[in-house]
Amino acid sequence: MTIAPLFELKHVSRRFGECLALSDVCLQLYPGECVALVGSSGAGKSTLLRLLNGTLSPTEGEVWALGCNLNQSPRRLRQVQRQFGTIYQQFHLIDTLRVIHNVNAGHLGRWSLPKALLSLLVPLEVETAAKALAQVGIPDKLYARTDRLSGGEQQRVAIARVLVQNPLAILADEPIASLDPERSREVMALLRSLGEQTGQTLIVSLHDVAMARHYCQRLIGLRQGQIVFDAPTEAVTSEMFDALYRLEPSL
Ligand SMILES: Nc1ncnc2c1ncn2[C@@H]1O[C@H](COP(=O)(O)OP(=O)(O)OP(=O)(O)O)[C@@H](O)[C@H]1O
Ligand SMILES: [Mg+2]
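Rules used throughout
Residues numbered from 1 in each chain as written. Chains lettered and ligands numbered in written order. Predicted model: local features only at pLDDT ≥ 70, side-chain atom pairs only at ≥ 80, totals over all residues. Helix = DSSP H or I, 4+ residues; strand = E, 2+ residues; numbered from the N terminus. Rg over C-alpha atoms; globule rule 2.2 N^0.38 Å. Buried ≥ 20, exposed ≤ 12 C-beta atoms within 10 Å, placed from the backbone. Contact = placed C-beta atoms within 7 Å. Core = buried A, V, L, I, M, F, W, Y, C linked by C-beta atoms within 7 Å. Pairing = 2+ DSSP bridges. Axes fitted to C-alpha atoms, helices over the stretch in contact; angles between N-to-C directions. Near = placed C-beta within 6 Å. Nonpolar A, V, L, I, M, F, W, Y, C, P; charged D, E, K, R; others polar. Expected span 1.5 Å × (residues − 1).

1. Here's the deal with the overall build of the protein
Helices and strands together make up the secondary structure of the protein, namely nine helices and ten strands. Expected size for 251 residues packed as a compact globule is a radius of gyration near 18 Å; at 18 Å, the protein falls within 12% of this value. Principal-axis analysis of the C-alpha atoms places the extent of the protein at approximately 55 × 45 × 40 Å. A burial count over the protein gives 38% of its 251 residues as buried. Within the protein, contacts between residues separated by at least 24 positions form 65% of all contacts whose residues are at least 6 apart in sequence.

Okay, here's the thing in structure tokens:
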């Protein structure tokens, strides 16, 4: 029996004006995989994650998720998007709200509008939110104002929001960039364990190569918008990493 890919990119390119952020990328990602996107700044990692969650559309080619071409029907796109949780590089939290409301935003794809509005007045599902905050190590911040938290704590609120959403796949853009080494390991272990316990797929961009190696089973190396390697972690050598990060000689 062949397993259908959760995501498939078919000859995808994405341009921003003159800049070719991704160039003719073909890729299949399968349910339950734990995949790291690695590569230097500007390689196209965030662009790739945003194409996967449908917040960006390709300039050329097709992005398929859950058997659906994401650029064919806006309604279908929204249905598919509910199945994916994204942790963004810039958190995307509402600063002036209390933490519980930002965590509860993970429910919004499922809640009716009246319930969503009511939840702003009377926090709902407090227990679920508290559990998610405990999982990310900040159980005491439930009612704190989000903009009074440190960068690392805000990052964990963004992760708690995705835990509450309980999606099929988690797309995480540098989820440990603002955490100390100990917290980074905790968060990566947590994200990884979700995959093991619930079969959730994890696609994560990481600058920390050692973390990528330690926590992910498959590594995709991006350089200037192209896939340089895509292999099981144990097959990626330090020479391959060196080549990925080597600076281009200046012209
Ligand atoms: N909205 C945008 N407008 C213009 N150019 C963009 C935009 N988003 C990305 N780019 C360009 O596309 C390229 C890839 O950017 P992307 O953010 O995907 O890189 P990245 O690998 O995530 O880098 P980093 O590690 O710094 O987060 C870069 O050259 C960037 O300047
Ligand atoms: Mg990025």
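2. Some words on the nonpolar core
Ala36, Leu52, Val103, Ala160, Ile170 and Ile203 are the most contacted members of the largest nonpolar core, which has 62 residues in total. Beyond its immediate chain neighbours, meaning those up to four positions away, Ile203 contacts Leu29, Val35, Leu37, Leu49, Leu52, Ala169 and Leu171.

3. Quick look at the sheet that holds strand β2 (residues 19-29)
The sheet built from four strands is open, its strands ordered β2-β1-β4-β5 with antiparallel pairing. Of all strands in the sheet, those bounded by a partner on one side alone are β2 and β5 (68-69). Bridge count for strand β1 (residues 7-16) against strand β4 (residues 60-65) is five bridges, and the pairing is antiparallel. By the bridge assignment, Phe7 is partnered in β4 with Ala65. Of the strands in this sheet, β1, β2 and β4 touch helix α1 (residues 45-52), which is tilted by about 125° from β1.

4. Notes on the site of ligand 1
Taken together, Phe16, Cys19, Ala21, Gly39, Ser41, Gly42, Ala43, Gly44, Lys45, Ser46, Thr47 and Gln89 form the complete shell of residues around ligand 1. If you list the elements that add at least two residues to the shell around ligand 1, you get β2 and α1. Counting residues per element, the shell around ligand 1 draws most heavily on α1, which supplies three residues. For the shell around ligand 1, the class distribution of residues is four nonpolar, seven polar and one charged.

5. Topic: the pairing of strand β10 (residues 226-232)
Where strand β9 (residues 218-223) and β10 come together, six bridges link them in antiparallel fashion. Residue pairing for β10: Arg218 is matched across the bridge by Pro232. In sequence, β9 turns back onto β10 through a hairpin of two residues, with Gln224 there showing a positive phi of about 45°.

6. Points about the sheet that holds strand β6 (residues 84-87)
Read from one edge of the open sheet, six strands run β6-β7-β8-β3-β9-β10, paired in mixed fashion. Because the sheet does not close on itself, it has two edges, and the strands there are β6 and β10. Each adjacent strand pair in this sheet contributes to an overall mean axis angle of 15°, direction not counted. Sheet topology note: the strand β7 (residues 169-173)/strand β8 (residues 201-205) ladder contains five bridges and is parallel. For Ala169, the partnering residue across the bridge sits in β8 and is Thr201.

7. Section: helix α6 (residues 151-165)
Along an α-helix, residues three or four apart share an orientation, since each turn contains 3.6 residues. With 15 residues, α6 extends 22 Å from end C-alpha to end C-alpha; this agrees with the ideal 21 Å at 1.5 Å per step. With 13 of 15 residues buried, α6 is to be regarded as a mostly interior element. Taken from the residues just after α6, Asn166 is the one with a positive phi, measuring 50°.

8. Quick notes on unusual backbone geometry
We note that Leu66 has phi near 50°; this positive angle belongs to a residue other than glycine. The residue Leu66 is located in the loop between β4 and β5 in this model. Given 17 C-beta atoms within a 10 Å radius, Leu66 is considered partly exposed. With a phi close to 45°, Gln224 is a non-glycine residue in the positive phi region. Structurally, the position occupied by Gln224 is in the loop between β9 and β10.

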